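# Geometric and topological summary
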Amino acid sequence: MHTLMQCLWRLRMIGAVLLLAVLAASLASPATAAEPDEEIGQAVGTVDADTWRQVKSGENFIDSRHDSTYNLINPSGETWRQVRNEWISPAGLIAVGGMLAILVIFYLIVGRNDLDHERTGRKILRWTVLERSLHWTVATLFIALSLTGLNLLYGKFVFRHIFGDVFWANMIMGSKLIHNYAGPVFGILLIVMLAKWLKVNLPKKHDWEWFKQGGGMVGNKHPDAGFANAGEKVWFWLLASVGLVVVVSGLVLDFPIFGQTRDNMQWANMFHAVTSLILMTVALGHIYIGTLGTEGALEGMATGYVDETWAKQHHNLWYEEVKANAGQPQQSDPPVADDTAAAHRPN
Amino acid sequence: MAQMKFLCDAERCIECNGCVTACKNANETDWGIQRRRVVTLDDGMPSEVSISVACMHCDDAPCMAVCPTDCFYKTDDGIVLHDKDICIGCGYCLYACPFGAPQFPKEEAFGERGKMDKCTFCAGGPAETKEEEYEKYGANRIAEGKLPLCAEMCSTKALLAGDAQTISDIFRQRVVYRGHEDGGWSSVEKAQNAGPDVSANLDEMAYDATRATREG
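What you are looking at is a predicted structure, and each value in this text was computed from that prediction instead of being measured.

Attention now goes to the overall build of chain A. Of regular secondary structure, chain A possesses 13 helices and three strands. Each of the 347 residues in chain A was classed as buried or not, and the buried ones make up 27%. Contacts in chain A between residues at least 24 apart in sequence constitute 73% of all its contacts with a sequence separation of at least 6.

Laid out in structure tokens, this is it:
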């Protein structure tokens, strides 16, 4: 019995050795390579470097999650994280904070841009009711979106520590809801506003001269300006370019039900953050010039009418044309029902 | 202190989706939420290989780093958990996660995301009562001294869960028994130079268990 077992064992060993020899031979010779290929075909695949490369590439995979578009390892997420946390976030803080600091210093050194002459008391219609409603609605939405957006980017470093978890939870949830619902409304109204003011913001030759003189912000120079000066035109075209990127990228993020992929949303998020931080930074300048920085500018957007002196000083070309058209400036005391009044827009 | 990790032995995973089912059952997740998934590469081809994946409870978790609400935290066991009371469903964790772990029940208007849901390593989450915890986060098996159900129920023991040191020891042992060239982590160069690797085939895998006693 013992010898029989030994015999069988030896036979198996010889068989195994023979098999190995055949295998080795067939591996070495391409002509007979079919057999081991078949054998490998029945085996579980080898997990090698190629497998792990494939894992990252996102090719040739299926996933047991029915609607999943995520391959095993998605390295783009880490790139997005680095760009957002290490670059966009600090850069935004520097840009917005830096602009605030510049404005404070500018105000302290240069101060308000006052009217050079006494007001004449004669008022000129500059902004109609429709335009003012548009401006203030868009402005309110812009400020709401900026504050909630800043909270989404920086809030966690400040408010959770100050107010505690419960308040923070409500605050950040409110921020998201306001941001998501106000965003599309802002987008629509921004486009309406851009369309409304497109004509007066077309670049003219004298705008170049305006830039060369720095818009007359420092000193007593008053470069030529039509209805909109070159600075206002820059703000307009920034909103018409960068502003639209903010709107479009925001919409991609806001409604994640149209099949946009995770990579699409990473890109949309980076574009949205960068462009909106640019807008916020420039908007601070716009707000400064429109309120603290220039005497008589805010009353134009508040009441719709500006003083003759202000018009002559800041928008001389527009003033000349209004005067030429009307014979003489409109009388003081603006009419009460100004809904139908049309502002004169030659330039 | 233990450092909890999942490890999936790709040469043992047979794509039975038992882990997916076990997880769904243990945590009774919302409709459409599947915390664990099985990814198969080269399906139906000789090089087919499957691996089960969920939240990997990263040491340097990208979700934690980008969350605008700071709702994530790490337990002493290295498990990444999140507070659903603070989560706002913005989706940033999903953008950042390499494994597609965070999921959102699509339940609000205009496709607004609900509170994020992901694998908790069966460790529950922050809540006042046990019932609330189960409702929000699913099972807290860790509190009962048990490991995640997905790994406990894995039929081929491909999916391992536990302290990083322990499970990597188990995996290393397997690799040694398989005789896998270079420990299964062949460098690119070696893999390119080597012929087709027949050492890691189905038969070898089946021998894993028996070899341990035969040789050891």
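Secondary structure assignment for chain B yields eight helices and six strands. Secondary structure elements in chain B, listed N-terminal to C-terminal, are β-α-β-β-α-β-β-α-α-α-β-α-α-α. Partitioning the contacts of chain B with sequence separation of at least 6, the portion at a separation of at least 24 is 55%.

With that out of the way, let us pick up the pairing of strand S1 (residues 4-8) of chain B. Residues and elements named next belong to chain B. Within S1, four of the five residues are buried, leaving the element largely enclosed by the surrounding structure. One ladder, built from five bridges, connects S1 with strand S6 (residues 159-163); its direction is antiparallel. Among the inter-strand pairings, phenylalanine 6 is bridged to a residue of S6, identified as alanine 161.

With that settled, the discussion passes to the sheet that holds strand S2 (residues 37-41) of chain B. Spatially, S1(A)-S2(B)-S3(B) is the arrangement adopted by the three strands of the open sheet, whose pairing is antiparallel. Both outer strands of the open sheet, strand S1 (61-63) of chain A together with strand S3 (49-53) of chain B, are each paired with one neighbouring strand and no more. In this sheet, adjacent strand axes meet at a mean angle of 20 degrees when their direction is disregarded. By the bridge criterion, three bridges tie S1(A) to S2(B) in an arrangement that is antiparallel. The partner of A:Phe61 across the bridge, within S2(B), is B:Leu41.

Residue and element names in this part refer to chain A. Within the fold, glutamine 54 resides in helix H3 (residues 49-57). Overall, glutamine 54 belongs to the partly exposed group, with 18 C-beta atoms counted inside 10 Å. Residues glutamine 54 and glycine 285, 231 residues apart in the sequence, show an inter-C-alpha distance of 50 Å.

Turning our eyes to something else, we now look at the nonpolar core. With 63 residues, the main nonpolar core has B:Cys8, B:Ile51, B:Cys63, B:Cys93, B:Ala96, B:Cys150 and B:Leu159 as its most contacted residues. In terms of residues, this core owes the most to one element, helix H3 (residues 92-96) of chain B, which gives five residues. In this structure, B:Cys8 is in contact with B:Cys13, B:Ile51, B:Ser52, B:Val53, B:Ala158 and B:Leu159, ignoring residues within four places of it in sequence. One finds A:Val138, A:Phe186, A:Leu190 and A:Val274 within the second-largest nonpolar core, a separate group that totals 17 residues.

All names here are of chain A. Their axes nearest at 8 Å, the elements helix H9 (residues 230-254) and helix H10 (residues 262-290) cross at an angle of 145 degrees. Crossing hand, H9 versus H10: left-handed. On the side of H9, the interface is formed by Trp235, Leu238, Val242, Gly243, Val245, Val246, Ser249, Gly250, Val252 and Leu253, while H10 contributes Asn264, Met265, Ala268, Asn269, Phe271, His272, Thr275, Ser276, Ile278, Leu279, Val282 and His286.

All names here are of chain B. In this model, glutamate 15 sits at a positive phi of 55 degrees, which is unusual for a non-glycine residue. Counting through the fold element by element, glutamate 15 comes out in the loop between S1 and helix H1 (18-27). Under the C-beta neighbour-count criterion, glutamate 15 is labelled partly exposed, with 17 such atoms within 10 Å. Positioned with a positive phi, aspartate 42 is a non-glycine residue whose angle comes to about 55 degrees. Assignment of secondary structure puts aspartate 42 in the loop between S2 and S3. Residue class for aspartate 42 comes out partly exposed when judged on the 17 C-beta atoms lying within 10 Å of it.

Moving on, we come to the confidence of the model for chain B. When pLDDT is averaged along chain B, the result is 85; 82% of the residues meet or exceed 70. Confidence metrics for the complex model read pTM 0.81 and ipTM 0.81.

Before going further, it helps to examine the packing of helix H5 (residues 129-154) of chain A against helix H7 (residues 165-197) of chain A. Pairs of packed helices are described in terms of their axes, by the angle between the two and the distance that separates them. Between H5(A) and H7(A), whose axes approach to 8 Å, the crossing angle comes to 145 degrees. Between H5(A) and H7(A) lies a crossing whose hand is left-handed.

Moving on, we come to the environment of A:Asn74. Summarising the element assignment, A:Asn74 is placed in the loop between S1 and helix H4 (76-109). As a C-alpha pair, A:Asn74 and A:Gly58 span 16 residues in sequence and 7.8 Å in three-dimensional space. Ignoring sequence-local partners within four residues, the contact set of A:Asn74 consists of A:Arg262, B:Pro98 and B:Gly100.

Quick look at the confidence of the model for chain A now. Residues and elements named next belong to chain A. When pLDDT is averaged along chain A, the result is 83; 78% of the residues meet or exceed 70. Between residues 39-43, whose pLDDT stays under 50, and residues either more than four places distant or in other chains, the model counts seven contacts. Confidence over residues 331-340 falls short of pLDDT 50; this stretch has eleven contacts with residues more than four positions distant or in other chains.

Glancing now at the environment of A:Trp80. Structurally, A:Trp80 is set in helix H4. Of the residues examined, A:Trp80 has 23 C-beta atoms within 10 Å and is grouped as buried. Residues A:Trp80 and A:Asp263, spaced 183 residues apart in sequence, show a C-alpha to C-alpha distance of 9.1 Å. Excluding its chain neighbours within four sequence positions, the residues that come into contact with A:Trp80 are A:Gln266, A:Met270, B:Tyr95 and B:Ala96.

The rules we used
Residues numbered from 1 in each chain as written. Chains lettered and ligands numbered in written order. Predicted model: local features only at pLDDT ≥ 70, side-chain atom pairs only at ≥ 80, totals over all residues. Helix = DSSP H or I, 4+ residues; strand = E, 2+ residues; numbered from the N terminus. Buried ≥ 20, exposed ≤ 12 C-beta atoms within 10 Å, placed from the backbone. Contact = placed C-beta atoms within 7 Å. Pairing = 2+ DSSP bridges. Axes fitted to C-alpha atoms, helices over the stretch in contact; angles between N-to-C directions. Core = buried A, V, L, I, M, F, W, Y, C linked by C-beta atoms within 7 Å. Left-handed = near helix turned anticlockwise from the far one by under 90°. pLDDT = per-residue confidence, 0-100.

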